[in-house]
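Residues per chain are reported as follows:
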Amino acid sequence: RGAFYAFQNISGACERIGALEAFESLPPETREHTSPSTLFLLFLLFRYRVATLDRPSFGKIGAEDEHYIRISIATALEDLEEAMTRIGAASADREGFAEFLAQGRYRY
């Protein structure tokens, strides 16, 4: 009804690639400023060149244990199709996610 965003539950993707375990293994001071969905969105941005927003970007109260990303659909259909292909690939790239974490690029 007028919105141009999709707000996708990415719990399954976070579980598949190891984002939930990775988040739990971070130091407490780092966990305060990130989430599993944030780790996934940074992975998407830096490895797959897809920009999204995570649930905590819209406030942390009530976001605990929620793993969502917001995707703008205000673009060409071809761009959306390519983004969905890339998100699908990222959602299955456990090895790539582990390499991404090892590089320390999840800090911002």
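Residues numbered from 1 in each chain as written. Predicted model: local features only at pLDDT ≥ 70, side-chain atom pairs only at ≥ 80, totals over all residues. Heavy atoms only, no water.

## Observations regarding a nonpolar patch on the surface
Point 1. On the surface, Phe4, Tyr5 and Ile73 cluster together to form a nonpolar patch covering roughly 280 Å² of accessible area.
Point 2. Inspection of the secondary structure puts Tyr5 in strand E1 (residues 5-9). (Patch = residues over 30% accessible without salt bridge, like charges linked within 9 Å, V, L, I, M, F, W, Y side chains within 5 Å. Areas by Shrake-Rupley, 256 points an atom, 1.4 Å probe, with all protein chains shown as cover. Salt bridge = Lys/Arg side-chain N within 4 Å of Asp/Glu carboxyl O. Helix = DSSP H or I, 4+ residues; strand = E, 2+ residues; numbered from the N terminus.)

## Considerations on helix H4 (residues 36-48)
Point 1. In a regular helix each residue adds 1.5 Å, so 13 residues correspond to 18 Å; H4 covers 17 Å between its end C-alpha atoms and thus fits that length.
Point 2. Counting buried residues in H4 gives 10 out of 13 residues, a clear majority hidden from the surface.
Point 3. Burial in H4 covers these residues: Pro36, Ser37, Thr38, Leu39, Phe40, Leu41, Leu42, Phe43, Leu44 and Tyr48.
Point 4. Those residues of H4 hidden inside the fold are in contact with helix H1 (11-17), helix H2 (19-25), strand E2 (53-54), strand E3 (68-72), helix H5 (77-91) and helix H6 (94-102). (Expected span 1.5 Å × (residues − 1). Buried < 20%, exposed > 50% of the residue type's maximum accessible area, 1.4 Å probe, protein only. Contact = heavy atoms within 4.5 Å.)

## What to know about the side chain of Thr38
Point 1. Mapping Thr38 onto the fold places it in helix H4.
Point 2. Looking at Thr38, its side chain comes within polar contact range of the side chain of Ser35, at 2.8 Å. (Polar contact = N/O pair within 3.5 Å; in protein donor to acceptor, adjacent residues only side chain to side chain.)

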